[in-house]
Amino acid sequence: MSDTLTIFEKGAPGRRAFTCPTLDVPEVDGLLPEAFRRGTEPRLPEVSEPELVRHYVNLSKRNFDLDSGFYPLGSCTMKHNPRLHERVAALPGHARLHPLQTPARAQGALELMWNLERALAEVAGLPHVSLQPSAGSHGELAGVLLTRAFHADRGDVRTKVLTPDTAHGTNPATVTMAGYEVVKLGTNPDGGIDLDDLRAKADEDVACLMLTNPNTLGVFDHNIEEIAEIVHEVGATLYYDGANLNAIMGISRPGDMGFDIVHFNLHKSFTQPHGGGGPGSGPIAVADRIEPFLPRPVIVRGRDGTFDLDDERPKSIGKLRGFQGNYGCFVRSYAYIRSLGAEGLRDASETAVLNANYLLARLRSLGVADELPLAFGELCMHEFVLSGAPMKRDLQIRTLDLAKRLLDHGFHPPTVYFPLLVDEALLIEPTETETRETLDAFAEAIAEILREAAEDPSIAREAPYTTPVRRLDEAGAAKRPVIRQAL
Amino acid sequence: MLAEIGVGSLEELFDRQIPTAVRLQRPLDLPAGMSEHEVYAHLRELAAHNTSAEDELTFLGAGMYDHYVPAVVDMLMERSEFLTPYTPYQPEISQGGLQVMFEYQTAISELTALAVSNASVYEGPSAVAAAAYLARIANGKPKIVVSRGVHPHARAALRTTASAYGGEVVEVALRDGVTDPDAWASAIDQDTGAVIFAQPNFLGAVEDAAALAQAAKDESAGGPASDGHVAGSGTPQTAVVVGSYDPIPLGILRPPGECGVDVAVGEGQSLGNRLDFGGPSFGFFAATEAYLRRMPGRIAGETLDVDGKRGFVLTLQTREQHIRREKATSNICTAQALNALAGVVYLSWLGRRGLVELGELLLQRTHYARTALTSVDGVEALHEQPVVREFAVRLDAPVDRVIARCQDAGINPGFALAREYDEYADGLLVAITEQRSKADIDRLADILGAAVAAESHPAGAHA
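Being a predicted model, the structure only gives us computed values, none of them experimental.

(A) How the structure looks around the overall build of chain B. The helix and strand tally for chain B stands at 15 helices and 17 strands. In terms of C-alpha radius of gyration, chain B reaches 25 Å, essentially the compact-globule figure of 23 Å for 463 residues. Seen through its principal axes, chain B has C-alpha atoms that stretch 80 × 65 × 50 Å. Out of the 463 residues in chain B, the part that is buried amounts to 64%. When contacts within chain B are restricted to residue pairs at least 6 apart in sequence, long-range pairs at least 24 apart make up 73% of them.

Following this line, the structure appears as structure tokens:
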């Protein structure tokens, strides 16, 4: 089938797109010792530019994307990506600026980063920001390393980090990478942290509690002040996973809740396009007592208003990556914050919560809740979790089948089978940039799939039918991995 | 909408969920919003306060390079279908992105001559740290030996992460511009879990990669794995040899897979990605088959659908954080899919012969530039090793002041090594790309010569 041939299976020997500049210097033999020379050239594609363009444009048409349709992928905040951001990020003054340009000749970039730091600090309610981490998971690693440095500086050796069972998988994975042991916390009937479990496990060995609030159930933990008190009582830090920040911008601030360290996902709340799985950016905001340990360099502003990079940071955890972070993402997120302003950010979060609650209410009034009940609580923040357990029992279709059938209706399915503590979970996050009509249509599609399953569950169980490929053999792919084109 | 929900106001939605004590009782202290054209004008103004590669003739490299980004790359990266989806969790509607990953993995495997590649990691320096972590979980040995020829930011990122898991980082000095072979061999022992060098190294010198890898295997052989870490069956107990590679010269340089390197990583920016003041770009991560199941990050694999049609999926996910949680091989979640797309499109645009031709062009021009610069009074080579795209010289004048003079004349001559190396306080690192012609190089030699002359004589400094 020609439409699934890879670029390596197309083209012909000698075909090319690139024209190499003419050699304009005297040619000298033997510049590279033979022992260092490559014997056989890498077998890269040999295609013309028209072939190259057609191949990748055709591949692009085999992707579903946010610009084409509703993408309520829970915990991923698939909000609209304004095109203005692509335009400003592409300005040569940003796009062709070398990261090692002398700070005196990169004042615009440093000013932008300084302004973005100040804005993120205000949203977080914490005074200091480092933009360096490359993604949310990288921000988490930074946060746990900061915690380690903070304790070590006081000669305090701690071994454990608490994470609730609702946590994103990156939390426990990060804890292990940072050399700590993971201790899991249970969830109470309201969907928040089980306080008794927390009290029992919070001791002097605990370095940190990592929390998402609202959490991955879409529940705002109303015990947050008490949680902060228990954690600080034993000398641990409180870490805020900012994956769900889109629920509370301008409404409630992690710093005011008692958090010491926050990471942001610029690709979630702040519109950096998701790119098919990256790039992202994961800045962190911290309290005063954590500030000495921030990654270096930090941006400083002199008395004369000029900006510089300060690398002389004796207590710093060091660097997490090269240069100053994903500046291209900073440009986009900064443009977003300046477009919306204070009121606009608050409005975005309010509308995100309104949309989620409206969609939940629509599903209820369509009778969907009987088969897909809300897992916790009555209302929700910016996202909510349904359990597909009754649907599985009554209609003999699983959450996976519902998700696959949604593809035939032209929707990207919600996040499925996460969080882990909800049976047959469906995590739905509509975001603020969707219209009421879209939410209505999505709710109607779910109701329709349930009606259809009541008549004939095999339709959903064998879906999808209208996609470029149908259900794929994932087990087989893992058993005998083929991860490159054979040549 | 409120009526459907059954609440009287937006406020009520929040009042019923968030305690008053943690509600923000004032507006955020941020500027008011602006219209699209105002935001554009503001961002344009900030851009105008930067001196970019558009504004000066730049020879700055040191980890990121001003290569030409072809128009097809921009066009494809801007397509909604690549720009706006997320990780392909639903493969039936993500075949485009998944196939791009598969093609990217193939291209990186070919480039490195290593069997397996993931679908990309954040960027170069953190990829070096990730490779050391792979070694840690593979053999549990504490010591990480790293050449000072490895990018300073990569060594810094390595120290930052290694300290948390008890890794002991030992640096090996350079001699005559390359990793000192004697110091390298004597630093490596049976407790060494990973060794790391760069090719070419930070000073632009081509290392004898095969010799470094062989020495590492010889010196580290025989040590037992530490308790508490499970070494996989068949995983060699010698140190994991990690090479941090610049991808551009790999058309002409002997690839890591033919030098005994186990894991090759590197900064992918040169492959079709913009400078962007340091990111986003991508890191590549390739390895021998033995390390496939310990790799961090996403991997796409080929399979069939229920109708027997060829398709692609994310595979070997039992390594990953969303399945394995605290037992994952890495915490990495999002990779750099869009930047990796630029990488594979760029490599396809260059093509099989193009990468070789580009490598040969840069080899010749770099040699020409080194010769031209070192024939200037007050400029001499910092080392005599083979160079392929970048080289280091010593200046007989304060480097910062020479750079400032050149920049005033519209040329950025390169990177002051003193910013990262005390031992090369008089060093300047000069990078060549296909965008720097012979005429540009000649102009650099003239301007640099004048600047060195002016700065090496006290009277000249005030002229």
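The discussion continues.
(B) Structural detail: the sheet that holds strand S7 (residues 284-286) of chain A. All names here are of chain A. Across the sheet, which stays open at both edges, the 7 strands sit in the order S1-S7-S6-S5-S4-S2-S3 with mixed pairing between neighbours. Pairing within the sheet leaves two strands with one partner each, and these edge strands are strand S1 (128-130) and strand S3 (181-185). In this sheet, neighbouring strand axes are inclined to one another by 25° on average, regardless of whether the strands run parallel or antiparallel. Pairing of strand S5 (residues 237-241) with strand S6 (residues 261-263) involves 3 bridges; the strand directions are parallel. Each residue of the ladder has a partner; that of Tyr-239, found in S6, is Ile-261.

(C) Layout of the interface of chain A and chain B. Listed per partner, the contact involves 165 residues of chain A and 163 residues of chain B. The leading source of residues in the side of chain A that touches chain B is helix H10 (residues 327-365) of chain A, at 23 residues. In terms of residue class, the side of chain A that touches chain B is built from 83 nonpolar, 45 polar and 37 charged.

(D) Fine view of the sheet that holds strand S14 (residues 390-395) of chain B. All names here are of chain B. As summarised here, the arrangement of the 4 strands in space is S13-S14-S17-S16, forming an open sheet in which the pairing is antiparallel. Only two strands of the sheet have a single partner each, and these edge strands are strand S13 (379-381) and strand S16 (415-416). Relative to S14, S13 runs antiparallel, the two sharing 3 bridges. Pairing of Ala-381 across the sheet is with Val-393, part of S14.

(E) Region of interest: the packing of H10 of chain A against helix H13 (residues 436-455) of chain A. All names here are of chain A. The interhelical angle for the contact between H10 and H13, taken along N-to-C directions, is 35°, at an axis separation of 9 Å. Here H10 runs over H13; the crossing is right-handed. In contact with Asn-355, Tyr-358, Leu-359, Arg-362 and Leu-363 of H10, H13 contributes Leu-439, Asp-440, Phe-442, Ala-443 and Ile-446. Taken together, the residues that form the contact of H10 with H13 break down as 7 nonpolar, 1 polar and 2 charged.

(F) How the structure looks around the pairing of strand S12 (residues 310-314) of chain B. The buried fraction of S12 of chain B is high, at 4 of 5 residues. Between strand S11 (residues 300-304) of chain B and the antiparallel strand that follows it, S12 of chain B, lie 5 residues; Gly-308 of chain B among them carries a positive phi value of about 85°.

(G) Seen up close, the confidence of the model for chain B. Chain-level statistics for chain B give a pLDDT mean of 95 and a share of 96% at 70 or above. Here residues 226-235 of chain B is modelled with pLDDT under 50, and outside its nearest four sequence neighbours on either side it reaches 15 contacts, counting other chains as well.

(H) Spotlight on the environment of Thr-415 of chain A. Residues and elements named next belong to chain A. One can find Thr-415 in strand S11 (residues 415-416). Judged by the 21 C-beta atoms lying within 10 Å of it, Thr-415 is buried. Taking the C-alpha atoms as reference, Thr-415 lies 5.0 Å from Leu-427; in sequence the two are 12 residues apart. Filtering out sequence-adjacent residues up to four positions away, Thr-415 remains in contact with Leu-73, Gly-74, Ser-75 and Leu-427.

(I) Broad picture of the domain arrangement of chain B. Residues and elements named next belong to chain B. Domains assigned within chain B are domain 1 (57-66 + 352-455) and domain 2 (73-345). Between the C-alpha centres of domain 1 and domain 2 the distance comes to 29 Å. Contacts between domain 1 and domain 2 engage 22 residues on the former and 23 residues on the latter. Contributing elements (two or more residues each) for the side of domain 1 that touches domain 2: helix H12 (337-374) and S14. No other element matches the 6 residues that H12 contributes to the side of domain 1 that touches domain 2. A per-class count over the side of domain 1 that touches domain 2 returns 13 nonpolar, 4 polar and 5 charged.

Thresholds, definitions, all that
Residues numbered from 1 in each chain as written. Chains lettered and ligands numbered in written order. Predicted model: local features only at pLDDT ≥ 70, side-chain atom pairs only at ≥ 80, totals over all residues. Helix = DSSP H or I, 4+ residues; strand = E, 2+ residues; numbered from the N terminus. Rg over C-alpha atoms; globule rule 2.2 N^0.38 Å. Buried ≥ 20, exposed ≤ 12 C-beta atoms within 10 Å, placed from the backbone. Contact = placed C-beta atoms within 7 Å. Pairing = 2+ DSSP bridges. Axes fitted to C-alpha atoms, helices over the stretch in contact; angles between N-to-C directions. Nonpolar A, V, L, I, M, F, W, Y, C, P; charged D, E, K, R; others polar. Left-handed = near helix turned anticlockwise from the far one by under 90°. pLDDT = per-residue confidence, 0-100. Domains from an automatic or database assignment.

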